[in-house]
Structure formats: C-alpha cells, structure tokens
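# Results of the structural survey
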Amino acid sequence: MENNKLKKKASDFRYNTGETKVPWAAVGENYNAEDLMTIVKFMMQGEGAAYDKAVAEVEKTVYALDKVSEPPAKLSLDRHVAAAEDMCDEYLNTKGSTFLVNCTAGFEIACKYAGLKAGDEVIVPAITFAATMAYPLSIGCKIVFADVDPITLNMDPKDVEKKITDKTKMIVPVHIGGYAVDMDPIMELAAKHDIVVLEDAAHGFGGEYKGRKLGTIGHFGSFSFHEVKNITSFGEGGILCSTVTEFLPEMKRARFLGTDFSIKIKDWLYDVTAIKGKNGPFVATNFSTTEIQGLGLQLQIARNDQIMKARYDAAAYLTERLSGCDAIIPQDLGGDTVKPTFHLYKLLIDPEKAGGDIQVLKKKLAQKGVTEIAHFGPLYRFAILKEYGYDEDEIAKTCPVCEEVFYHRFTHFPVYGLTQEQLDYMADSILESVAEMQAEAGLK
Ligand SMILES: *Cc1c(COP(=O)(O)O)cnc(C)c1O
C-alpha cells in the first residue's frame, strides 16, 4: 500500500488540537482495502462457485474504490457515535444518552455516580443475568435479592420494600424479557429512602411502561446491544441514560477518563478531571465505542419499530396457539400499561393441571429439539456468591416465589427470526408435550 494516508486524516485524533499541518493522527493506524475485504467476507459468509464469483467482483470494486477514496478521519468516538446517541435521545425522549462498550459499563458508571462502597446494600431481582450484580459485588457491596412476581418474574416491589434497610443505596429493577417492571412503587420507595434506581434495560429497548420508554424512568437506565439482544451495534454496545439532570453534562466525560473533548488542549498538555457523583467525585475509566459501532447502532435503531412489530406478531401467534390449553399461562402481550419488547417469550405452566412441573416439560421439549437456551435463573445459586460467603439456602428462603416459579413453572423461548414452520413446530411441541404429561399423570 502506498502511504498516502497521513494527509487524509483529521488533525484532532484523540485530543482536540485544532487544525495543524502535521496531524496528530500520524501516530495511529487505519484500515485498507485488503482489511475491508476480510470484513466483507466475515459479514457475508458463504461457499461455492456463485459465492466465490460474487466475492471476486466485490474485491475488484473495493480495490477500485480504494484508489479514489479516503479512509475515515476517525475510527473512535466521533460523529457516528454522536449521531447514534442523538437517535437514541430522539427515540427514547431523553437527553445526553451515552454510547458505551456494553450495558455492564453503564451499570458501572451509575454505581460510581451513586458512590457505592463496601458494605452498602444493592437490591437486585432474584432472577436476572450475572451482569446485574457484578460491579457492586466486585467492590464489596452486599447483594440483596428481591423475590419476583409469579407471572412476570420481574422484581416484586412489595418484597423490595421489605428488604430495604438504612444501608440500601441502590435498587436495580430488570425488565426481564423486555416486560416492564412495575416502576411506580419502586420510584416511590427510592424517593422515600434516597436510593438510586438503575434500570437494567438490557432487554428493554423500545418497550414501554405507562407511556414511558423503559430505561428512562429510573435515575439511570442501561441498554445492551450485545448480539443476542433485540438490536445490536456489531456484536457489542450499550447506551446509558439518566434522568439526573445535573449528571448529564458529566456522563459523556465519564465514558473516557474524565476528558472533555470540546476543550482545545493548552500548552501541549491535555487535562482530565474527576466526575461529579452524587456524594463526591469519582474516577472514570474508558468505555469508548467505535464509529463502526455508531453506524451499526443507527442502522438498527432505524428499524427497531419493525423488529418490535415482528416480535409482537410471533409472540401473539404463540399466545393464541397456546391459550387453548388451561395448563399453560402464555406470555402476556401487554396493553396500555405495558408494551413489551418480546426479547423472550415467557411461558409458565400450572403443574397441577399439566400433570408435572416445568422440568418434565423442558425435558420433553429438549427431546423434540425445541431449544435448550440457558435461562435467566436465581443468581443467589451461582458459585461466585458462595465464594463470597453468601448462604444460598438462607437467601432462597427469602425468595419463595422465585424458588417455586423457577424450578417448577417457568421457561422461556426465542421468538424472533423463526420461520412459520419453526413457530408452528414450537407451538405443536409444547402442546403435545403437555398432553403427554397429562396422559402420563392420568389426568386426561
Ligand atoms: C445481556 C444482559 C446484560 C449485560 O449486557 P452487556 O451489553 O452484555 O453488558 C445485563 N443484564 C441483562 C438482564 C442481560 O440480559
């Protein structure tokens, strides 16, 4: 490759130097046509003569394009990241939302804002993903598990109330499967006890609670764009939102070490400052995203309403097929109060009417080849908590609904991108399996 790249890059590489003749960017590398072809072949995989021919054509074109084009001035934190954030703000009706490497990074910023320290208590739902508790656990907070609602499997506000102590500093409601937690009572409790609420909205992008977008109700809300979530920014990504107006100007600096990119550097030196948290300053680390991720997120937000519609249609179809069976409680489709994203299709059974519990049903479904995806399960059973001195059996006693529902009643299914045959096969298999269970138990 001829080295004509330097003159093509902008002068402000990471710090704002203003215009110069010899650009800062000269310390970094970019990508070339060869690299791009590798990416094209990665994103569009295939084999056979027709594939090889199409790739060869693209290759020719990409090399021709290389001769008449310039590489992007910046690969990290620039206008496409900003444009993705603007789209989020418009979509969510928020201000200052900040694009991060992932949803878990958003949790960390919110926890640091709250000033969490060893010995503080953080209430999370009994059923969620390990990321929900990871940061507070890592700094020595006590994780307190709230029991769940028997139908939605979301944090039960009544149990949250029971578990609040004078050490409670944060509550983390998780909209499991994209179905809204009952947020009003949680926000009331938080206001009464001066507690920060961080919504784990990893499954919730576009979902609603009483006309408000999930992730925009608590003091903070963090979304995930990991490849298994409803939309993705090339495999990883997250958006952090906040309703804490005084923190909004800090939030983007909290993504990159406390740097303010709008300030032109002075006397050949950049400077950083601490971020203003609720009770004092904190040190920001680095959760920056790339321009490619920014582009990817814009593309997917643009089609999120279509994606939500397709998910709704598939869920509605399954619910209709399953609602004839009185042993099955199909996924609730929502209404005026709750608009789910249908990240997952939740299904419950009534073990008495089904002639057995969910473990029997799951075994039968696995035999029929209906997916065995890892479940969101009781976190207090995870090995890491035992290693940190938690007594799982004692905690289980404080979460009786979780114990009953998770081990005897509940499972969840994927519901997006399936063919009509696959959807039908899933519905048929569920109905047949329950009928088999009922016959084996002598019920029907
Ligand atoms: C995926 C997920 C997360 C973490 O999201 P990342 O973007 O992977 O950090 C957090 N909470 C729940 C409930 C999740 O499913």
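Data block above holds the structure.
Residues numbered from 1 in each chain as written. Predicted model: local features only at pLDDT ≥ 70, side-chain atom pairs only at ≥ 80, totals over all residues. Heavy atoms only, no water.

It is worth spelling out empty space enclosed by the protein at this point. On inspection of all chains with the given rule, the structure shows two cavities of 30 Å³ or more. Within this model, the largest cavity holds a volume of roughly 90 Å³. Lining the largest cavity, in full, are Ile 151, Thr 152, Tyr 179, Ile 329, Pro 330, Gln 331, Asp 332, Lys 346 and Leu 348. A per-class count over the lining of the largest cavity returns five nonpolar, two polar and two charged. Its volume calculated, the second largest cavity comes out at about 40 Å³. Considering the residues around the second largest cavity, the lining is formed by Ala 201, Ala 202, His 203, Gly 204, Phe 205, Phe 223, Ser 224, Lys 229, Asn 230 and Ile 231. Counted by class, the lining of the second largest cavity contains five nonpolar, four polar and one charged residues. (1 Å grid on protein atoms, 1.4 Å probe; cavity = no way out; pocket = protein on both sides within 12 Å on 5 of 7 lines; lining within 4 Å. Points joined across faces, edges and corners; volume = space filled by probe spheres on them. Nonpolar A, V, L, I, M, F, W, Y, C, P; charged D, E, K, R; others polar.)

Moving on, we get to the sheet that holds strand β13 (residues 338-339). The sheet built from three strands is open, its strands ordered β7-β6-β13 with antiparallel pairing. Every other strand in the sheet has two partners, leaving β7 (212-213) and β13 as the edge strands with one partner each. Examined bridge by bridge, strand β6 (residues 208-209) and β13 share two bridges and lie antiparallel to one another. For Glu 208, the partnering residue across the bridge sits in β13 and is Lys 339. (Pairing = 2+ DSSP bridges. Helix = DSSP H or I, 4+ residues; strand = E, 2+ residues; numbered from the N terminus.)

Phe 145, Met 170, Phe 220, Phe 247 and Tyr 380 are the most contacted members of the largest nonpolar core, which has 55 residues in total. At the level of elements, α4 (103-114), β2 (121-125), α5 (131-138), β3 (142-146), β5 (196-200), α8 (248-251), α14 (392-397) and α15 (400-408) are the ones that each hand at least two residues to this core. The element best represented in this core is α4, accounting for eight residues. Apart from the residues within four sequence positions on either side, Met 170 is in contact with Ala 110, Cys 111, Ala 114, Leu 116, Glu 121, Val 122, Ile 123, Ile 195, Val 196 and Leu 198. Counting 24 residues, the second-largest nonpolar core is a separate cluster that includes Ile 349, Ile 358, Leu 423 and Ile 430. (Core = buried A, V, L, I, M, F, W, Y, C linked by side-chain atoms within 4.5 Å. Buried < 20%, exposed > 50% of the residue type's maximum accessible area, 1.4 Å probe, protein only. Contact = heavy atoms within 4.5 Å.)

A separate point is unusual backbone geometry. Despite not being glycine, Phe 234 shows a phi value in the positive range, around 55°. The residue Phe 234 is located in the loop between β8 (220-224) and β9 (238-242) in this model.

Residues in a regular strand point their side chains to alternate faces of the sheet. Taken across its five residues, β2 has five buried, putting it largely inside the fold. Here β2 shows two buried faces, one formed by Glu 121, Ile 123 and Pro 125 and the other by Val 122 and Val 124. Alignment of β2 against β3, held across five bridges, turns out to be parallel. Bridge pairing links Val 122 to Ile 143 in β3. Following the chain from β2 across α5 to the adjacent parallel β3, one finds a crossover that is right-handed. (Right-handed = clockwise from strand over helix to strand, strands pointing away.)

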